[in-house]
Amino acid sequence: MTAKDTGPWPLFAYGFRPFFLLGGLYAAASILVWVWMYRNGNAPVAGLLAQHWHGHEMIFGFIGAAIGGFLLTAVPSWTGRRAVAGAGLVALVLLWLAGRVVFALGQTVPGWILAVGELAFVPALVLAIAPSLLRAANRNLPLLGLLAMFWAADAAFIRAITSGNSALASGAMLAAMNTVLVMITIIGGRIIPAFTGNALRAIGERHSLRSTPMVERLVLGTMVAVLLCDILIPASSVTMIVVALAATLHVWRLSGWSGWRTARQPIVWVLHIAYLWLPIGLALKLAWLAGEFAWAAHWQHALGAGAAGTMVLGVMTRAALGHTGRPLQAHALVTLAYSLLTIAVVVRVFGFAVLALDYPSVVLISGVLWMASFFAYMVIYTPILLRPRADGRPG
């Protein structure tokens, strides 16, 4: 891809640029809407719980944009193939925006328009990246299957809200989140130890990270099993055993990456914090399934806002620097964003039962902290994403 392919404006020169920009903006804006909904009891779709709108837009809107930006950027690097840019990238962005618009319009549009507008983006993303992965017989081909699962969960959610089936809507969102967690298990398991090793070597420390092939296979297998169990036999004893095994394996895996040695490198430790929320969230899920303990009730936020949200912020901040030719160092305001997001998740997960805050205050405080985090991200990264690469290269 050359600079002249997309003209003088670099926003559509590479997939990470528009989607990381829109993802950060939507992360803050959708939480603002959610807080307003919570306080006023409103939802844009008749019969749809406000929390279902919130969960859907966090998963398929915010995280969906991040997945799109990541894959459109990573696949060319993995395969050596040409990146999607220019008009093709504009089309993908418009399809993602169409989903956000139809959900904002809600009950004012027919159900079929809601379905078409929301469900078009992921198939288009698959069509954009699949040829490169298939021609290269790349090891990341299973991600196409996960994208199909992600899309199927969204389709089930659309079916649920158009038929008034609240239980199906909740199940569809859980399936989608589990799919995202499988993606984090795969991608995080590659980039976190690699980035950690690079960071330690850069400061002259010995590289001594532990990785066991059997654990790598088992941790992925158990996360796929969690996904299937939550669909087929939710809240069963088998599901609890699988969740417990997955949490244990994630702790073992993470302990081998020496995250504590990156304390002075925020752009690395944020990825370790993100991954840590995976076993924490799974442990809380196990406690909730086993005894419905109040302190474990918000395990979904530990996994969604904690593991997924923090991983998205960490990956966006690092990838945008690397792919625009800038040093891999977190700005002070971005380090603050990492901290604010972590505090937001702690308040959201433990604020009510452990910190003894009233629930409306939990929603408000965690929401404000989340928005502040992504506002800080936008302040620093909007210019980076809109401007040409610092090293003058195309992309």
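Fair warning: this is a prediction, and the values are worked out from it, not measured in the lab.

Thresholds applied
- Residues numbered from 1 in each chain as written.
- Predicted model: local features only at pLDDT ≥ 70, side-chain atom pairs only at ≥ 80, totals over all residues.
- Heavy atoms only, no water.
- Helix = DSSP H or I, 4+ residues; strand = E, 2+ residues; numbered from the N terminus.
- Patch = residues over 30% accessible without salt bridge, like charges linked within 9 Å, V, L, I, M, F, W, Y side chains within 5 Å.
- Areas by Shrake-Rupley, 256 points an atom, 1.4 Å probe, with all protein chains shown as cover.
- Salt bridge = Lys/Arg side-chain N within 4 Å of Asp/Glu carboxyl O.
- Core = buried A, V, L, I, M, F, W, Y, C linked by side-chain atoms within 4.5 Å.
- Buried < 20%, exposed > 50% of the residue type's maximum accessible area, 1.4 Å probe, protein only.
- Contact = heavy atoms within 4.5 Å.
- Polar contact = N/O pair within 3.5 Å; in protein donor to acceptor, adjacent residues only side chain to side chain.
- Phe/Tyr/Trp six-rings, centres within 6.5 Å; stacked < 30°, edge-to-face > 60°.
- Lys NZ or Arg CZ within 6 Å of the ring centre and 35° of its normal.
- Axes fitted to C-alpha atoms, helices over the stretch in contact; angles between N-to-C directions.
- Parallel < 35°, antiparallel > 145°, perpendicular 65-115°, else oblique.
- Left-handed = near helix turned anticlockwise from the far one by under 90°.
- Expected span 1.5 Å × (residues − 1).

Student: Sorry, what's going on with unusual backbone geometry here?
Tutor: Excluding glycine, residues mostly carry a negative phi; peptide bonds, for their part, are mostly trans. Residues other than glycine seldom take positive phi values, yet Ala235 does so here, at roughly 60 degrees. Tracing the chain through its elements places Ala235 in the loop between helix 8 (213-232) and helix 9 (237-255).

Student: Sorry if this is basic, but what is going on with a nonpolar patch on the surface here?
Tutor: On the surface, Leu220, Val224, Leu228, Ile231, Leu232, Ile233 and Val238 cluster together to form a nonpolar patch covering roughly 560 Å² of accessible area. No other element matches the five residues that helix 8 contributes to the nonpolar patch.

Student: Please explain the nonpolar core as it appears in this structure.
Tutor: One broad trend across soluble globular proteins is that nonpolar side chains are buried collectively. Core analysis: the largest hydrophobic core is formed by 138 residues, its most contacted members being Trp370 and Phe374. Considering every element that reaches this core, the biggest residue donor is helix 7 (residues 166-202), with 17 residues. Look past the residues within four positions of Phe374 in its chain and what remains in contact with it is Gly24, Ala27, Ala28, Phe62, Gly309, Leu313, Met316 and Leu341.

Student: Just checking my understanding: could you explain the side chain of Thr73 for this structure?
Tutor: With respect to the helices, strands and loops of the structure, Thr73 is situated in helix 2 (residues 50-79). At 3.0 Å, the side chain of Thr73 and the backbone nitrogen of Phe16 are in polar contact. For Thr73, the side chain forms a polar contact with the main-chain oxygen of Gly69, separated by 2.8 Å. Apart from the residues within four sequence positions on either side, Thr73 is in contact with Tyr14, Gly15, Phe16 and His323.

Student: Can you walk me through the packing of aromatic side chains in this structure?
Tutor: Here a ring pair, both rings aromatic, is described through the centre-centre distance and the interplanar angle of the planes. Considering all chains together, one arrives at 18 aromatic pairs under this definition. A ring pair is formed by Phe19 and Phe121, whose centres lie 5.6 Å apart and whose planes are at 45 degrees; its orientation type is tilted. Within this pair, whereas Phe19 is found in helix 1 (residues 16-40), its partner Phe121 is found in helix 5 (residues 121-135), the two being separated by 102 residues in sequence. Grouping residues by exposure puts Phe19 and Phe121 together as buried. Between Phe62 and Phe374, the ring centres sit 5.4 Å apart and the planes meet at 80 degrees, which makes this aromatic pair edge-to-face. Residue Phe62 is located in helix 2, and its partner Phe374 is located in helix 13 (residues 359-386); the two are separated by 312 residues in the primary sequence. What makes Phe62 buried here is its relative accessible area of 1%. For Phe374, a relative accessible area of 0% puts it in the buried group. Grouped by ring-pair contacts, the aromatic residues Phe62, Trp370, Phe374, Tyr377 and Tyr381 constitute a single cluster. Note that Arg210 overlies the ring of Trp252, its terminal NZ or CZ placed 3.8 Å from the centroid.

Student: Just to check I follow, could you spell out the environment of Asp358 for this structure?
Tutor: Position of Asp358 among the secondary structure elements: in the loop between helix 12 (332-350) and helix 13. With relative accessibility at 43%, the residue Asp358 sits in the partly exposed group.

Student: Explain the packing of helix 6 (residues 142-163) against helix 7 here, please?
Tutor: How two helices pack is summed up by the angle between their axes together with the distance between the axes. Taken N-terminus to C-terminus, the directions of helix 6 and helix 7 make an angle of 165 degrees; their axes are 8 Å apart at the nearest point. Between helix 6 and helix 7, the crossing angle belongs to the class labelled roughly antiparallel. Helix 7 is crossed by helix 6, and the crossing has left-handed handedness. Contacts between helix 6 and helix 7 involve Leu143, Leu146, Leu147, Met149, Phe150, Ala153, Ala156, Phe157, Arg159 and Ala160 from the first element and Leu168, Ala169, Ala172, Met173, Ala175, Ala176, Thr179, Val180, Val182, Met183, Ile186 and Ile187 from the second.

Student: Teacher, can you tell me more about the environment of Val33 here?
Tutor: Position of Val33 among the secondary structure elements: in helix 1. For Val33 and His54, which are 21 residues apart along the polypeptide, the C-alpha to C-alpha distance reads 8.4 Å.

Student: I would appreciate a short explanation of helix 10 (residues 266-291) in the present structure.
Tutor: Each α-helix winds once per 3.6 residues, and so residues spaced three or four apart point in a common direction. Look at helix 10: 37 Å from first C-alpha to last across 26 residues, which is about the 38 Å you get at 1.5 Å a residue. Following helix 10 by one or two positions, Glu292 adopts a phi angle in the positive range, close to 50 degrees.

Student: How do you make sense of the side chain of Thr196 when you look at a structure like this?
Tutor: Its place among the elements puts Thr196 in helix 7. A polar atom in the side chain of Thr196 sits 2.8 Å from the side chain of His272. Every residue in contact with Thr196, bar those within four places of it in the chain, is listed here: Leu209, Trp257, Ser258, Thr262, Val268 and His272.

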